[in-house]
Amino acid sequence: WDYIGTVIAEHLSYNLSTNGNFVGLLSRGDKIVVLKMEYTISSTGVLDASNIPITTPFMGESGHNVDLYRAGKMCLTGSHTVAYTPKVSGSYQIDIKIPNTPEVQQVA
């Protein structure tokens, strides 16, 4: 992650208010991290020296001077291995649905 600065974050808001001018440091579509949760900068809404629009609501606790990071371009999603042993012979098509789990791994 690249440290950008601090923001004011309000629970369930689609906008982060900046405590500095991050124009030129962030772009629409960038992945950012606030309170160890990843968000995407929205393609719509006001992105300027005071505002950062995000595509999903901020799920953390409201706060001032909350650290903001830009996630690395190489962050990829995880994978799962599923094993299934059928009790009846035949062909199967299996759809697996896994609940969304916000996770951030940080290497120090």
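See the structure printed just above.
All residue numbers refer to positions counted from 1 along the written sequence of the respective chain. For a predicted model such as this one, the threshold for reporting local features is a pLDDT of at least 70, and the threshold for listing and counting side-chain atom pairs is 80 or more; totals across whole chains, interfaces and linings nevertheless cover every residue. The basis for every side-chain value is the complete set of heavy atoms in the structure, and neither hydrogens nor water enter the calculation.

1. What about the packing of aromatic side chains?
- The aromatic pairing rule takes the rings of Phe, Tyr and Trp, using the six-membered ring of Trp, and pairs them if the centres are within 6.5 Å, calling planes under 30 degrees apart stacked, those over 60 edge-to-face and the rest tilted. Under the definition given, this model contains three aromatic pairs.
- Taken together, a centroid distance of 5.6 Å and an interplanar angle of 70° make the contact between Tyr3 and Tyr69 edge-to-face. Of this pair, Tyr3 sits in strand E1 (residues 2–9) while Tyr69 sits in strand E6 (residues 63–70); the two residues are 66 residues apart in sequence, bridging distant segments of the chain.
- Assessed through its relative accessible area of 48%, Tyr3 is described here as partly exposed.
- For Tyr69, a relative accessible area of 23% translates into the label partly exposed.
- Seen in terms of ring centroids, Tyr39 and Phe58 are 5.8 Å apart; in terms of plane orientation they differ by 40°. Their pairing is tilted. Taken together, the residues Tyr39 in strand E4 (residues 37–40) and Phe58 in the loop between strand E5 (51–53) and E6 connect sequence positions 19 residues apart.
- Using a 1.4 Å probe on the protein chains alone, a residue whose accessible area is under 20% of its type maximum counts as buried, one over 50% counts as exposed, and one in between counts as partly exposed. A residue is classified by how much of its surface remains accessible, and Tyr39, at 3% relative accessible area, is buried.
- Within the aromatic cluster, the residues linked to one another by ring pairs are Trp1, Tyr3 and Tyr69. Counting from the N terminus, the helices are DSSP H or I runs at least four residues long and the strands are E runs at least two residues long.

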